Structure formats: structure tokens, C-alpha cells
Amino acid sequence: MKSAVETLNPTRVRLTVEVPFEELKDSLDAAYKKINQQVTVKGFRKGKIPARVIDQRFGRGAVLEEAVNDALPKFYTDAVNEAELNPLGQPEVDITELKDGETLNFTAEVDVRPTVEIPDYSGIEVEVDAVEVTDEDVEKSVEQLRERFASTSPVERAAEDGDVVTIDLQAKVDGEVLEDGVADGVSYTIGSGELLDGIDDAVKGLEAGGEATFTSELKGGSAAGKEAEVTVKVTQVAKRELPELDDDFAQLASEFDTLEELRADSRKRLANMKQYDQATQAQERVLDKLLELVEVPVPEKLLEDEINTRKHNLEHHQLGQMGLDLEKYLEIQGKTAEEFETETREAAVKGIKTQFVLDELVKQEKLNVSQEELTEHLMRRAASSGMSPDQFAQAVVEQGQVPLLVGEVARGKALAVVVEKATVKDTNGEIVDLDDEEEETEAAEAAAESTESGDEKADEKADDKAEEKTEG
């Protein structure tokens, strides 16, 4: 076999391959054997039909086609390895010549990983938010804890903001009660925004036994997105009562003896959260600066595939779980279809560039991933997916995604190397020392993953915003 490589552009090549016919022998033998098992010829036992009879009865062309289809992947792989290429995706193969008994010639065009030159990145400087925990932050945290320990007691009066009402619901569309539009004994806190638009105004002022009808757009179920006439009946009104903020509350809600100890712990926890957010912010901003320094050509086919994948995941997974379609999602986000297309393309470009650059850094810095690092990463991914570590690990192995996880960890380590050499200052002008190695690596992995997987963090924030609007 002989092969040659022609560079079409920085991310695409054409392989020209010439294969002497004798190198097709194994594939021809396999083709005859396969056809032998599939056909029946009178006078011959199954599997014992001579090659000349198969040629006469079914045509030599059918045998050649089977043999070539069997042989092409091997010859293509050999040509790729010989040229030391890093192909991306499937090749476009064209058989240019097939002469029986003489030669097989074909071309294969394929996208390849571009050559990436990493410049000196030691001068990168970024600014991040300062870690500041105010008294107001602490009180808000304690108040949220207090809300979790609220109790309720029935009252004989009209419902007010903050009350917990027990209600029965019935939804009609076009005058017909929906099969999944009836719910009894639902507990709802007025003003929480956790049910349908309009329900707060409907139930406020009602006493137990009272009912009202209002119109609202359904967010889920068989009639999601349709306007429904909803009848709500209040069966009980209960007042929420918060515990007193004192030492007794601290002992009830925590392991601390005094309220001041509880507040001090809340301050410490908030500071840790803000430090992690600060570390993540540093990774993301250093990554942006790094990408600005590097010229990275993006294969067009790979880009289009990535864009389509992101759209599919958004429409069929994220939005589907929220009972939304793309049109409604864009309406909630206040975006046009053109703006959505532009943002999706930009995110896909950034994701591909991130992977190319960080993968090159992994090679340049000779970074390896230990079993311990992979296990820790797997545990974090399992927690974020809502699966147990064992379930997540089994799914990863079954789907052949272990190399993907290894790549995620390696890219996180590569980004951490860049951050270590960067100058990070907070908004107060103070140098930020990201000296917690575990936290730094975890934040770096999060920053690298979010970009290369469709800017998941931005998508999640957008989803949260959409969910808040639909629920409110």
C-alpha cells in the first residue's frame, strides 16, 4: 500500500491511497465465505460453493464490493497512522479506481486536529471579585435556616401572603377537564411562586371552603403551554410561625449551643463558598485570556456537529424537562432566533478551541492522570448527575466514556498550571493566592468542562432563569 497526504487547509487533509490487488486477498476470501453462508446453490452444500460458481451466479462485482467494504477501514487506518494524523470525525471516502486483479485506489478527506502553538502565558493577569461576607449575608443565611424550621397552625380567617393553604385544583382546556389536570390536597405557600401564575391573587382573601377561578398557562403535563381555566378550592388556611432567633433555635437547628456560634459558622461557610466561586472565576478568566493568545483554526464540520449537539441537548433534554419548547424559551430569555444562533456558535467555537489548547498543554507539560484523581473526578460528576458513584461509574464504563473523563481531568490540570503562573487580583487590588490545591484543581476542571461541553454553567443559569419565570 502507498499513501500520500495533501493539506487542504489547516484542519482538513486528503489522503490518496493505492492498494495492490494482492493485499485484498484476505478480504476477498472473507467475502466469498460470507456469501457462501448467505446463499444456496443446487448441487452444493451450504458453505461449500466454489468461488467460480459464486462469480457466475451472483457476479464478481458483488464479491468485490463486499471485499472493498471490508478492507477500506483497515487501509484508511494504516494510511492515517503512516502519516501520523489526528483525524476528527468520519472521513469522506471516494473510490477512484478499482481494477479486478490489479489495484484499488481511493481518496479520503477528513478533518484533523490542527497544530496549536502555545505561547508564553506567564504574563496573564486577571481580576476577580473580592471575598467579602457582610453581616447582611450572614443574617440572610440564618433566616433561610429559620424558614426551614417554621411550623404551621390552622387559622379561621382569610388567607394572606405567607400563609400555607391546602388546596384542590382542577384545570380545563376548551371547557374539558384534563385527565392530568386534577390535584387534591396540595400544600402551597402564598407568594412562593411555586405553582401557577395567578394563583396567589386567586387564593388571597379566601377562607377554608372558598373557591375561585383564574386563567393561567400550564407549565407541564399533557397540555403544557396552553391557556387553562383553573378552579382552586381552599380546604385549609394555616399560619406559618418562625422560631425565635435565640440559643434554643441554634441548638435545634445545628450542633452549636449559642446563636453567635451559629452565626460564626454561617460566616465561615459563606466565606468558603465565595472563595470557591472566586477560584472558579479566576479559572474562567485565565482561560479566556489564554484563548486570546492562541490562534486556533476550527474545523467547520466539527463546529457544525458541535452546534447541532448543543441545540439537541437544549431542546430535547433541558427544555423538555421544563415543559418548554425553543420558541417559548427564547421568549422567556428575551432573545431572537438570530441571537440564539450567534450565541450557540460562539459557545461551540470556544468549547472546541478550549479542548484543542488544553490538550496541547497536557502534552507540552507531560501531565498524567492518576487513579486517585480520576476517582475523585468521577465522585464529583456522579454527585452533580444525581447518581450514586457506582451507578455513574457503571454507566461510564458501559458507554466507553472513561477516556473522556480522563481527558476532562487532564485538561483541568493543564488549566491549573496556567492559573498558577498567572497574576490574579481581586477588586480591592489584593493578590489572590489560590493555594488550596484540591479546590484549585476542582475549580479548574469545572471551568474547563463548562466551556468544552457547551458552556454548561451558562446554560444552567439560563435554565434557572427560565424556570423562575415559568414558576413565578
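Residues numbered from 1 in each chain as written. Predicted model: local features only at pLDDT ≥ 70, side-chain atom pairs only at ≥ 80, totals over all residues. Heavy atoms only, no water.

In the nomenclature of an unreviewed UniProt entry, the chain is known as Trigger factor of Streptomyces rochei. UniProt, in the comment section headed Subcellular location (unreviewed entry), describes the chain in these words: "Cytoplasm". Regarding the chain, the UniProt comment filed under Catalytic activity (unreviewed entry) reads as follows: "[protein]-peptidylproline (omega=180) = [protein]-peptidylproline (omega=0)". (UniProt positions renumbered as here; feature names shortened; annotations may be inferred.)

(A) Local environment of unusual backbone geometry. Of note, Asp 174 is a non-glycine position whose phi angle comes to about 55°, a positive value. Position of Asp 174 among the secondary structure elements: in the loop between β7 (164–173) and β8 (176–189). Backbone geometry at Lys 366 places phi at a positive 55°, although glycine is not the residue there. Along the chain, the position of Lys 366 falls in the loop between α10 (337–364) and α11 (371–385). (Helix = DSSP H or I, 4+ residues; strand = E, 2+ residues; numbered from the N terminus.)

(B) Spotlight on the nonpolar core. Tyr 121, Ile 124, Leu 290, Val 357 and Leu 361 are the most contacted members of the largest nonpolar core, which has 35 residues in total. At the level of secondary structure, the elements contributing two or more residues to this core comprise β5 (125–128), α7 (259–293), α8 (300–322), α10 and α13 (402–421). Per element, the largest residue contribution to this core is seven residues, and it comes from α10. Those residues in contact with Leu 290 that sit more than four places away from it in its chain are Tyr 121, Ile 124, Val 357, Leu 358, Leu 361 and Val 418. Leu 24, Ala 31, Ile 54 and Val 63 belong to the second largest nonpolar core, which has 31 residues in total. (Core = buried A, V, L, I, M, F, W, Y, C linked by side-chain atoms within 4.5 Å. Buried < 20%, exposed > 50% of the residue type's maximum accessible area, 1.4 Å probe, protein only. Contact = heavy atoms within 4.5 Å.)

(C) Here's a closer look at the UniProt feature "domain: PPIase FKBP-type" (unreviewed entry) in the chain. UniProt's entry tags residues 162–215 with the feature "domain: PPIase FKBP-type" (unreviewed entry), counted in the numbering of this structure. Structurally, residues 162–215 is divided into 9% helix and 54% strand, and its ends, taken at the C-alpha atoms, are 22 Å apart.

(D) Looking closely at the pairing of β5. On β5, burial follows the alternation: Val 126 and Val 128 on one face are buried, whereas Glu 125 and Glu 127 on the facing-out side are not. Taken together, the four bridges between β5 and strand β11 (residues 423–426) define a ladder with parallel strand orientation. From the neighbouring strand, Val 128 faces β11, where its bridge partner is Asp 426. (Pairing = 2+ DSSP bridges.)

(E) Structural detail: the sheet that holds strand β1 (residues 2–9). Spatial ordering of the open sheet is given by β1-β2-β4-β3, a layout of four strands whose pairing is antiparallel. Strands with a single pairing partner mark the edges of an open sheet, and in this sheet they are β1 and β3 (87–99). Strand after strand, the sheet turns through a mean of 20° between neighbouring axes, direction not considered. Where helix α3 (residues 60–83) meets the sheet, its contacts fall on β1, β2 (12–20), β3 and β4 (103–112), and the angle it forms with β3 comes to roughly 125°. (Axes fitted to C-alpha atoms, helices over the stretch in contact; angles between N-to-C directions.)

(F) Focus on the packing of aromatic side chains. On inspection of all chains with the given rule, the structure shows one aromatic pair. Ring geometry for Phe 149 versus Phe 249: centroids 6.2 Å apart, planes at 85°, classification edge-to-face. With Phe 149 in the loop between α4 (135–148) and β6 (151–154) and Phe 249 in helix α6 (residues 247–253), this residue pair connects regions lying 100 residues apart in the sequence. Judged by its relative accessible area of 30%, Phe 149 falls in the partly exposed class. (Phe/Tyr/Trp six-rings, centres within 6.5 Å; stacked < 30°, edge-to-face > 60°.)

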